[in-house]
Amino acid sequence: MLVYRGFSQTAHSATVLTIGNFDGVHLGHRALLARLTATAAQVGLPAAVLTFEPHPREFFAPESAPPRLSTLREKLELIADDGVEIAYVCHFNAHFAALSAGEFIERVLVGALRVRHLIVGDDFRFGTRRTGDFALLRDAGAHLGFCVEAMDSVTLEGERASSSAVRDALQDGRLEHAARLLGRPYSIDGRVVRGEQIGRQLGFATANIRIKHERPPLQGVFAVEVKGLPGGPHRGAANLGYRPTAHQASRPLLEVHLFDFSADIYGAHLNVRFLHKLRDEMKFPDFDALKAQIARDVEAAQSYFKL
C-alpha cells in the first residue's frame, strides 16, 4: 500500500475513496473497506483511504479524548491487510479544521484526490462545525461528477460495531467480546528493548516491549499470543501498566513472559494479541509477594491455553 502524508500533489489517477478515522479497524470499518475494494475492482480504479492524524477529537479536546485503539502504523497495516492500495494521511490541524464542507469537497475530494466514487459510513460528517453530511455529498457529486454511496452500520447481536464499543469492552476486561467486534483479538505492536531485568531476577524473564500508546485502552495482566518470532505464534502472560511495585513508571510498559522460550530477541518488532484478562494490575508489599503472584498468573495463563 502506498502511503502519502497529506495531499499537496494531485492523485495520479481517479480514485474510489472512503474517509474515516478507522481507529481499531473493527468489523464496521472492515465491511466498508470490503465494499471499497470490490467497487474499485469493478471500475478499474485504485482503492484509496483518507484518514487523519491526530484523531480530530485529540485536536479539539486532547484532555477528554478517549484512548486510541491503534497507533497510526497499526491502523495503516490493518487497512493494507484489507486490500487498500493507497492511504492519504491528512494532518488534522487548525487550517484543515477551518475548511468549510464545500471547500473540503472541491479542494480535497475533487481537486486533490480526484474522487470518482465515494463510499462513507452512514454517520459521516465533515467540514467546519461538521456541517457536511451525506445529502450534501450526494448533491455535490451530481454536479461535480462523482458517485456517493452510504454504508450502513454493522451490528453484532444488536450492538453497533464501533470504536467506542470496542474501547468499552477492553476497559471492562471483556476481551473476547472486543475480539468479536474487531473480527480478531485486540493487539498492540512494539519493539523489544532492554529493561531493568526485574522479571529475570524474579525467575520469570520478560520481553520489555516499547509501545507508542500514550494511554492504552486496557491495563492489567493477560494471557497473550505473540507474533513476530521464529516458530511462532508464541503463548505467554503479559503485564500492561505502570509497574507500581517496582518503580512507578511515567509511561505504560508492556512486559511479556513467553512460555518455554529463552532466545535473545532484543530489537524484534512484535505483535502482542490480548486473548483473556487474568486480573487488574496491583501493587504488592514486596518482591516476594510479587514473585508469588507472577507464578499464579503464569499458571492461570497456561490453564487458559490448557498447557
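To start, this report covers the structure provided alongside it. In this text, all values refer to a predicted model and were calculated from it rather than measured experimentally.

## Topic: the pairing of strand 11 (residues 220-227)
Part 1 of the reasoning: For strand 11, the tally of buried residues reaches 7 of 8 residues, placing the bulk of the element in the interior.
Part 2 of the reasoning: For strand 11 and strand 12 (residues 234-241), the ladder comprises 7 bridges, and the chain directions are antiparallel. Within the sheet, the bridge partner assigned to valine 226 lies in strand 12 and is histidine 234.
Part 3 of the reasoning: Here strand 11 hands over to strand 12 after 6 residues, with glycine 228 in that stretch at a positive phi of 115 degrees.
Part 4 of the reasoning: As paired elements, strand 11 and strand 14 (residues 269-279) share 7 bridges and run antiparallel to each other. Pairing of valine 224 across the sheet is with phenylalanine 274, part of strand 14.

## Observations concerning the sheet that holds strand 4 (residues 86-91)
Adjacent strands of a sheet pair through backbone hydrogen bonds, lying either parallel or antiparallel.
Part 1 of the reasoning: Strand order across the open sheet formed by 6 strands is 1-4-3-2-5-6, with parallel pairing between neighbours. Edge strands, defined here as strands with exactly one partner in the open sheet, are strand 1 (2-5) and strand 6 (147-151). Neighbour-to-neighbour, the strand axes of the sheet open up by a mean angle of 25 degrees, direction not taken into account.
Part 2 of the reasoning: Two strands pair when backbone bridges link them, and strand 2 (residues 15-19) and strand 5 (residues 115-121) are joined in this way by 4 bridges, in the parallel orientation.

## Here we look at empty space enclosed by the protein
Part 1 of the reasoning: What the rule picks out here adds up to 3 cavities of 30 Å³ or more.
Part 2 of the reasoning: Taken together, the residues of the lining of the second largest cavity sort by class into 1 nonpolar, 3 polar and 4 charged.

## Remarks on unusual backbone geometry
Part 1 of the reasoning: Cis geometry marks the peptide bond from glutamate 53 to proline 54, where omega comes out at 0 degrees.
Part 2 of the reasoning: Tracing the backbone through its elements, the reader meets proline 54 in the loop between strand 3 (47-53) and helix 2 (56-60).
Part 3 of the reasoning: A cis amide bond links glycine 232 to the next residue, proline 233, at an omega of 5 degrees.
Part 4 of the reasoning: In the Ramachandran plot, valine 25 falls in the positive-phi region, its phi being about 50 degrees despite a non-glycine side chain.
Part 5 of the reasoning: Mapped onto the fold, valine 25 is located in the loop between strand 2 and helix 1 (27-43).
Part 6 of the reasoning: The exposure class of valine 25 is buried, given its relative accessible area of 1%.

## Quick notes on the packing of helix 7 (residues 163-171) against helix 8 (residues 175-182)
Part 1 of the reasoning: Between helix 7 and helix 8, the least distance of the axes is 8 Å, while the angle of their chain directions is 160 degrees. Between helix 7 and helix 8, the interaxial angle falls into the category roughly antiparallel. Between helix 7 and helix 8 lies a crossing whose hand is left-handed. Here helix 7 contributes Ala165, Val166, Ala169 and Leu170 to the contact with helix 8, which in turn contributes Leu175, His177, Ala178, Leu181 and Leu182.
Part 2 of the reasoning: Residues of the contact of helix 7 with helix 8, tallied by class, amount to 8 nonpolar, 1 polar and no charged.

## Comments concerning the packing of aromatic side chains
Aromatic ring pairs are reported here in terms of the distance separating the ring centres and the angle at which the planes meet.
Part 1 of the reasoning: Under the criterion given, the structure shown has 14 aromatic pairs.
Part 2 of the reasoning: On the basis of an interplanar angle of 45 degrees and a centroid distance of 5.8 Å, the ring pair of phenylalanine 52 and phenylalanine 96 is categorised as tilted. With phenylalanine 52 in strand 3 and phenylalanine 96 in helix 4 (residues 94-97), this residue pair connects regions lying 44 residues apart in the sequence.
Part 3 of the reasoning: With a relative accessible area of 9%, phenylalanine 52 lands in the buried category.
Part 4 of the reasoning: Ring centres of phenylalanine 59 and phenylalanine 92 lie 5.5 Å apart, and the angle between their planes is 70 degrees; this geometry places the pair in the edge-to-face category. Pair noted here: phenylalanine 59 is in helix 2 and phenylalanine 92 is in the loop between strand 4 and helix 4, with a separation of 33 residues, a long-range link.

## A few points about the nonpolar core
Part 1 of the reasoning: Core analysis: the largest hydrophobic core is formed by 31 residues, its most contacted members being Leu218, Leu254, Val256 and Phe274.
Part 2 of the reasoning: Within the residue set of this core, elements represented by two or more residues are helix 7, helix 8, strand 9 (186-193), strand 10 (207-210), strand 11, strand 12, strand 13 (253-258) and strand 14.
Part 3 of the reasoning: Contact partners of valine 256, with chain neighbours within four places excluded, come to Ala205, Thr206, Ala207, Ile209, Val224, Val226, Ala237, Ala238 and Val272.
Part 4 of the reasoning: Formed by 30 residues, the second largest nonpolar core is a distinct cluster that contains Ile86, Leu99, Leu113 and Phe146.

Cut-offs and rules
Residues numbered from 1 in each chain as written. Predicted model: local features only at pLDDT ≥ 70, side-chain atom pairs only at ≥ 80, totals over all residues. Heavy atoms only, no water. Buried < 20%, exposed > 50% of the residue type's maximum accessible area, 1.4 Å probe, protein only. Helix = DSSP H or I, 4+ residues; strand = E, 2+ residues; numbered from the N terminus. Pairing = 2+ DSSP bridges. Axes fitted to C-alpha atoms, helices over the stretch in contact; angles between N-to-C directions. 1 Å grid on protein atoms, 1.4 Å probe; cavity = no way out; pocket = protein on both sides within 12 Å on 5 of 7 lines; lining within 4 Å. Points joined across faces, edges and corners; volume = space filled by probe spheres on them. Nonpolar A, V, L, I, M, F, W, Y, C, P; charged D, E, K, R; others polar. Parallel < 35°, antiparallel > 145°, perpendicular 65-115°, else oblique. Left-handed = near helix turned anticlockwise from the far one by under 90°. Contact = heavy atoms within 4.5 Å. Phe/Tyr/Trp six-rings, centres within 6.5 Å; stacked < 30°, edge-to-face > 60°. Core = buried A, V, L, I, M, F, W, Y, C linked by side-chain atoms within 4.5 Å.

The analysis is restricted to geometry; functional conclusions fall outside its scope.
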